[in-house]
Amino acid sequence: MLNANDPSGRPHWLQVLTIGRRPKTTLIRIAVLVVVCIVTFKFILLPIRVDGISMLPTYHTGQINCINRLAYLRHEPQRGDIVSVRLSEPGGLANPSILYMKRIIGLPGETVAFHGGRAFINGEPLDEPYVKFSCDWEHAPIVCGPDQFYVVGDNRSMPFDFHTQGRAERNRIVGKLLL
Amino acid sequence: MKIAVRLMLLAAAAALGFWCWTILFPSPEKLVLKKISSLASTATIVASDGNITRATKVSNLIGYFAVDAEIHFDVTGYPAHTLSGRDEIREAAAGAFTSLTTLNVQFLDVTVRLGADKLTADVSCTAKVNAGDSKDFGVQEMHFQLKKVEGDWLITKVKTVKTLS
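Model, not experiment: these values are computed from the prediction.

A. A look at the nonpolar core. Core analysis: the largest hydrophobic core is formed by 50 residues, its most contacted members being Val151(A) and Val123(B). Looking at this core, the element that brings in the most residues is strand β4 (residues 99-106) of chain A, giving five residues. What Val151(A) contacts, discounting residues up to four positions off in sequence, is Val83(A), Val85(A), Lys102(A), Arg103(A), Ile104(A), Gln165(A), Ala168(A) and Leu164(B).

This is the structure we're talking about:
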């Protein structure tokens, strides 16, 4: 769109605003941006919306976050990491619709138990500054397999039986929370 | 130029034919997926559903199951139990549909695996359930087994799977 009244032949201000001075360059930029977004949000960062109370007070319902799917390419998940665990069967490129969001407290081969509301790893009490709500959880020791991580939420104020927790297979851990 | 147009028309006709073929003769995987999706719709009730609608939905729901179907529930916080046969499933469904004002069931991330004989299928999915007026919802990994009986896919076994052991 050229401004007929403009003798200099400059493009119309509306054209500059919408598709830029050089439309071809703008199109290439848009294409690159779309590709970068698709690759980023399909294979690297998985956007999520938190729903539920099990990670209170660290995360609450409605918060937006991202899961870094590449976090465990170079190293295995660590104790204290907040991870997402897929419910649907592992495998395939499709991102799962619903994920559990939990904190890792037990590593492969370790024994996890709860006494008087405190978590014990291999019989030693675990320091958990992120747990703000006290509880009276009691649970016999559970041994993690060579490929299992014990995951639990930060909100321990709910009864043990109603709090979804336990051993997650490594291949179900999608990634680590970004923020 | 004419040849190019003809080739394009031919390709479009072939694509249309293929699309019609998939609509008229869907693959067994598609039929199973449709069945699972339809099961979720049938199991969903809204507050405006009257007693007759709910009773109809119960009888429709039973139609998805084989005569000897079994449902094994083992959900966190509740004792494990099993429903065997259509009568027990009907009774449980009727009880749930009567006591709940609303029930919203969705099956997400559905994966279908057909048996070698193409007469059986395993389905894995994540169930998302909202009950009553609560905004909170429950999620549960589920496993279905289906078999083809007289051209129709019927559920023979439903099992809840514990994601975290």
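Alright, that's what it looks like, and here's the rest.
B. Expanded view of the packing of helix α3 (residues 51-62) of chain B against helix α4 (residues 85-99) of chain B. Residue and element names in this part refer to chain B. Relative orientation of the contacting elements α3 and α4 amounts to 150°, with a least axis distance of 9 Å. Looking at the two axes, α3 sits roughly antiparallel to α4. Once α3 is placed against α4, the crossing between them reads as right-handed. Contacts from Arg54, Lys57, Val58, Leu61 and Ile62 in α3 reach Arg86, Ile89, Arg90, Ala93, Ala94 and Phe97 in α4. Looking at the contact of α3 with α4, its residues break down into seven nonpolar, no polar and four charged.

C. Main features of helix α2 (residues 23-44) of chain A. Spanning 22 residues, α2(A) covers 30 Å between terminal C-alpha atoms, matching the ideal 32 Å at 1.5 Å per step. Counting buried residues in α2(A) gives zero out of 22 residues, a small share hidden from the surface.

D. Up close: the sheet that holds strand β7 (residues 124-125) of chain A. All names here are of chain A. Strand order in the open sheet made by the four strands is β7-β6-β5-β8, with antiparallel pairing throughout. In the strand order of this sheet, the two ends are held by β7 and β8 (139-143), each with one partner. Where strand β5 (residues 111-115) meets strand β6 (residues 118-121), four bridges bridge the pair, whose relative direction is antiparallel. Considered in β6, the bridge of His115 is made with Arg118.

E. Representation of the interface of chain B and chain A in the model. Each side of the interface is counted separately: chain B has 14 residues, and chain A has 17 residues. Listed by contribution, the elements that provide at least two residues to the side of chain B that touches chain A are β3 (103-114), β4 (120-131) and β5 (138-149) of chain B. Of all the elements, β4(B) adds the most residues to the side of chain B that touches chain A, at four residues. Residue composition of the side of chain B that touches chain A, grouped by class: four nonpolar, seven polar and three charged.

F. Seen up close, the domain arrangement of chain A. All names here are of chain A. In terms of domain boundaries, chain A breaks down into domain 1 (1-45) and domain 2 (50-177). Averaged C-alpha coordinates put domain 1 and domain 2 at centres separated by 45 Å. At the interface, four residues of domain 1 touch six residues of domain 2. Ranked by the residues each element gives to the side of domain 1 that touches domain 2, the list is headed by α2, at three residues. Classifying every residue of the side of domain 1 that touches domain 2 by side-chain character gives three nonpolar, no polar and one charged.

G. Geometry of the sheet that holds β5(B). Residue and element names in this part refer to chain B. Here six strands make up an open sheet; going across it, the order is β2-β1-β6-β5-β4-β3 and the pairing mixed. Both edges of this open sheet fall to β2 (81-84) and β3, since each of them pairs with a single strand only. Across the sheet, the mean angle separating the axes of adjacent strands is 20° when strand polarity is ignored. Note: β3 against β4, ten bridges, orientation antiparallel. Among the inter-strand pairings, Phe107 is bridged to a residue of β4, identified as Ala127. Its contacts with the sheet place helix α2 (residues 28-42) against β3, β4, β5 and β6 (152-161), and it is angled at close to 165° to β3. Against the sheet, α4 makes contact with β1 (65-73), β2 and β3, and its axis sits at roughly 60° relative to β1, the strand it touches most.

Rules behind the numbers
- Residues numbered from 1 in each chain as written.
- Chains lettered and ligands numbered in written order.
- Predicted model: local features only at pLDDT ≥ 70, side-chain atom pairs only at ≥ 80, totals over all residues.
- Core = buried A, V, L, I, M, F, W, Y, C linked by C-beta atoms within 7 Å.
- Buried ≥ 20, exposed ≤ 12 C-beta atoms within 10 Å, placed from the backbone.
- Helix = DSSP H or I, 4+ residues; strand = E, 2+ residues; numbered from the N terminus.
- Contact = placed C-beta atoms within 7 Å.
- Axes fitted to C-alpha atoms, helices over the stretch in contact; angles between N-to-C directions.
- Parallel < 35°, antiparallel > 145°, perpendicular 65-115°, else oblique.
- Left-handed = near helix turned anticlockwise from the far one by under 90°.
- Nonpolar A, V, L, I, M, F, W, Y, C, P; charged D, E, K, R; others polar.
- Expected span 1.5 Å × (residues − 1).
- Pairing = 2+ DSSP bridges.
- Domains from an automatic or database assignment.

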